[in-house]
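Per-entry structural report
Residue strings, one per chain:
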Amino acid sequence: MADGNVLAAPAPAPAAVAPARPGALRRLARRRSTLAFVLTVPLLTVIGGLVVWPFFYAIYLSMLNKRMTRFVGLDNFAFLLSRETFQLVIMQSVIFAVGAVVAKALIGFILAHVLHALPAKGQRKWRGMLLVPWVIPPAISTLAWWWLFDPSYSAINWMLMGIGAPPVAWLGEPGWARFAVILVNVWYGAPFFMIMYLAALKSVPDQLYEAAAIDGATGWQKLRYVTVPMMKNIIAITVLFSLIVTFANFDIVRILTNGGPQDRTHIFGTYAFQVGIQSGDIPLGAAVSLFMFPVLALLAVFVLRDVTRRSREMAG
Amino acid sequence: MAQVSLRRVVKEYEGGVQAVKGIDLEIADEEFVVLVGPSGCGKSTTLRMIAGLEEISSGEIAIGGMVVNDIPPRDRDIAMVFQNYALYPHMTVYENMAFGLTLRRFPKDEIRRRVENAARILDIGELLDRKPKALSGGQRQRVAMGRAIVRDPKVFLFDEPLSNLDAKLRVQMRVEIKKVHQTVRTTTVYVTHDQVEAMTLADRVVVMNQGIIEQVGTPQELYHRPATRFVAGFIGSPAMNMIPARLENGAGALRLRLPGDIVLPVPAERTQRYAPLAGGEVLFGIRPEHLTEPKNLDRPNIATFEAAPEVIEPLGMETLVIFSLQGNEVTARLDPAVPAERGRKMPFAADLNQMHLIEPRTGRVL
Ligand SMILES: Nc1ncnc2c1ncn2[C@@H]1O[C@H](COP(=O)(O)OP(=O)(O)O)[C@@H](O)[C@H]1O
Ligand SMILES: [Mg+2]
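Residues numbered from 1 in each chain as written. Chains lettered and ligands numbered in written order. Predicted model: local features only at pLDDT ≥ 70, side-chain atom pairs only at ≥ 80, totals over all residues. Heavy atoms only, no water.

Going by an unreviewed UniProt entry, chain B carries the name Sugar ABC transporter ATP-binding protein and comes from Caldovatus sediminis.

For the record, the criterion: UniProt positions are given in the numbering used here, feature names are shortened, and annotations may be inferred rather than shown by experiment.
Going by the annotation in an unreviewed UniProt entry, the name recorded for chain A is ABC transmembrane type-1 domain-containing protein, with Caldovatus sediminis given as the source organism. Under the Subcellular location (unreviewed entry) heading, UniProt states for chain A: "Cell membrane".

Pasting the structure below:
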């Protein structure tokens, strides 16, 4: 991490040859790098306890048999891959995550542009209102959506009937159910993209657009050749971050459909819960939840490398 | 190549600020015109209206004989260089320069030919693959100019292009800009607050103040025949001395009575010109370079007087001496060889052939 580098820089040469005299200890305590390390210990402990340890423990768990008595290597993963339900879960997770992230990014991008075009005064009010879905705890807002989708009391169906369309079994029919969970995730997550993109838009100097206008760019061309390239880093980071979080989503599907109908909306999180907690095969559940890790980790490495290169070339 | 006409152009920003208050200006084909004036006088606004970046509140702007009021910047066939360069940070130098041509669907080899030609004129051939971040201020400035040159537009617009450079580079780039104009001969409108830049670059200088044009003329005209008190004070460095005086009538000749009872005879050939002001209060304007140690006393209209220097500023090639006439600071320019000492009275000569009289009420120079 960067904070370590900065503080460690002026550290004096190590007193390796000096015998353990009382002064050596005091000198060690006075070193700025020592102080920096001591100051970060609480944070490192928290991260270690809540992130690193569970992560390695999950890896360990995923390589045990169901009763957790025997080490089975990658058998759990092989078993999962051979199961049709899990193949379905992989496909559904990908559709869910990729579909939701693309929709969130697009909607966030458009909303950011609309907000950016508003005069400064109205902008604050709208920005606040559009952030609401992101601020409400998703468990609560998903319950509200669940009520909206309810077949008999559904406000949406009531409106559909009002215009003479037939009611829809929102959460009962696989296609609609998949659409519904994506919709709620998009509703919840789009404001995050919006606020990030709005900040990015505000950081593009007006003069670049003026230069482009004089160079002959139309509105679309300004978007394509100035705005998007200038926002590439923030787009890459938000999409990566959101992909990771969306692949790990649990609450929306759990509350809205609980994976149904017929497992047709299960994603890694809910399926891991069902297999690991509800059916009692914790190692298999751990294997489910770890499934995407290598792919996402690899993706993160490539995306972040790109981001670093770009910011080195452009910033300043 | 084209001429630019501004006819009674007004710009009123939201909130009622009139940044430009109805200006008329004719810029000829191939001419280099500099808009100069203090900060906030409406230079940038005027330039941006020509570019189409700012709407015109009323009046008319024509480029190449065509009224462009309702034409967007991209169809005006102009190129602009901004103060902070406004290079696209994600594009290489080559791409930055080629961008306008790419958008206009020029063939690839034509684009390459033009970019390389401009790069040769500006001596930035080695930089074409770099991103703007990897360039110095002066190099960025050249690229910004290159971006304008490749387009071969009807008009170049510059908005304080040298303000972000250090003093030495500024002088160097000033020469560069002049050379480029002599090569490509594109009609140019150049905005600056620096009167030296204006004088050195311009075919004609437009002096603006508070949203109006004070005077339009060649650098020589502005220097020798300023039309208003503002122009007289703005053009020239150090600024022209303006001393309150009384224009007295005596025996068919006019005399100026300055504070401290210094009396200077007005040149006979100007008697007629200044007659309307006789007997009244005026501002006597004289540039420091026409207030020297006594010399050329055999020539007509050189008058001498005495004063005690308060501040002496040796600059090497000349020495500025500041003295006070009853609270009015006056600057003179002396030969550095002349001994001057703070507080000791010494003689000065005023070259009254170069004097100006300003009507204090209207600010007009007679
Ligand atoms: N976008 C704007 N909105 C309101 N007033 C502005 C705007 N831009 C400039 N002004 C005002 O118009 C006047 C002229 O500005 P400008 O043309 O930028 O001056 P200059 O370039 O000569 O320094 C200034 O008083 C400035 O405050
Ligand atoms: Mg300006």
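1. Some thoughts on the overall build of chain B
What counts, and what does not: Comment: elements are numbered from the N terminus, with helices defined as DSSP H or I runs of at least four residues and strands as E runs of at least two. Contacts are residue-level and defined by heavy atoms, with any inter-residue pair within 4.5 Å sufficient. Where accessible areas are quoted, they stem from the Shrake-Rupley method and a 1.4 Å probe; at the residue level, only the protein chains shown are allowed to cover.
If you tally the helices and strands in chain B, you get 9 helices and 21 strands. The long-range fraction of contacts in chain B, counting pairs at least 24 apart against all pairs at least 6 apart in sequence, stands at 67%. Of the roughly 16,500 Å² of accessible surface on chain B, a fraction of 47% belongs to carbon and sulfur atoms.

2. Observations regarding the environment of T218 of chain A
Within the fold, T218 of chain A resides in the loop between α10 (206–215) and α11 (219–247). Separated by 50 residues in the primary sequence, T218 of chain A and V168 of chain A have C-alpha atoms spaced 43 Å apart.

3. Considering the site of ligand 1
All names here are of chain B. We apply this condition: Residue proximity to a molecule or strand is established when one non-hydrogen atom of the residue lies within 4 Å of it. Polar contact is defined as a pair of N or O atoms within 3.5 Å, subject to the rule that within protein one atom must be able to donate a hydrogen and the other to accept it, and that residues adjacent in sequence are counted only when both atoms are side-chain atoms. Under the convention adopted here, Pro, Cys and the residues Ala, Val, Leu, Ile, Met, Phe, Trp and Tyr are nonpolar, Asp, Glu, Lys and Arg are charged, and Gly plus all remaining residues are polar.
For ligand 1, the full set of nearby residues is Y13, A19, P38, S39, G40, C41, G42, K43, S44 and T45. Within the side chain of Y13, an N or O atom sits 3.3 Å from a nitrogen atom of ligand 1. Within the side chain of S44, an N or O atom sits 2.6 Å from an oxygen atom of ligand 1. Looking at which element gives the most residues to the shell around ligand 1, the answer is helix α1 (residues 43–51), with 3 residues. Looking at the shell around ligand 1 residue by residue, the class counts come to 4 nonpolar, 5 polar and 1 charged.

4. Some words on the UniProt feature "transmembrane region" (unreviewed entry) in chain A
Residue and element names in this part refer to chain A. In the numbering adopted here, UniProt assigns the feature "transmembrane region" (unreviewed entry) to residues 35–60, 89–118, 130–149, 176–199, 234–256 and 282–304. Span residues 176–199 is 100% helix and 0% strand, its end C-alpha atoms 34 Å apart. Structurally, residues 282–304 is divided into 91% helix and 0% strand, and its ends, taken at the C-alpha atoms, are 33 Å apart.

5. What about a nonpolar patch on the surface?
Formally: What makes a patch is a set of residues exposed beyond 30% relative accessible area and free of salt bridges, joined within 9 Å when like-charged and within 5 Å when nonpolar (Val, Leu, Ile, Met, Phe, Trp, Tyr). By definition here, a salt bridge exists when the distance from a side-chain nitrogen of Lys or Arg to a carboxyl oxygen of Asp or Glu is within 4 Å.
A cluster of nonpolar side chains, contributed by L43, V46, I47, L50, V51, V52 and F56 of chain A, occupies part of the molecular surface with about 660 Å² of accessible area. With respect to the helices, strands and loops of the structure, L50 of chain A is situated in helix α3 (residues 32–61).

6. Here's the deal with the environment of R254 of chain A
Residues and elements named next belong to chain A. Threshold: Exposure classes here rest on a 1.4 Å probe applied to the protein chains alone. A residue is buried below 20% of its type maximum, exposed above 50%, and partly exposed in between.
Summarising the element assignment, R254 is placed in helix α12 (residues 251–256). Look at R254 and you get partly exposed, because its relative accessible area is 28%. Every residue in contact with R254, bar those within four places of it in the chain, is listed here: T270, F273 and Q278.

7. Some remarks on the interface of chain A and chain B
What counts is decided by this rule: For any pair of parts, buried area is found by adding up, for both, the accessible area (1.4 Å probe) each one loses once the two are put together.
Counting residues at the interface gives 21 residues for chain A and 25 residues for chain B. Interface of chain A and chain B: buried area, both sides summed, is about 2,000 Å²; carbon and sulfur atoms make up 60% of it. In terms of surface lost to chain B, no three residues of chain A exceed Q207, I214 and D215 of chain A, which account for 34% of the buried area on that side. Linking chain A with chain B are 3 salt bridges. The shortest N-O distance in the salt bridge between E313 of chain A and K131 of chain B comes to 2.4 Å.

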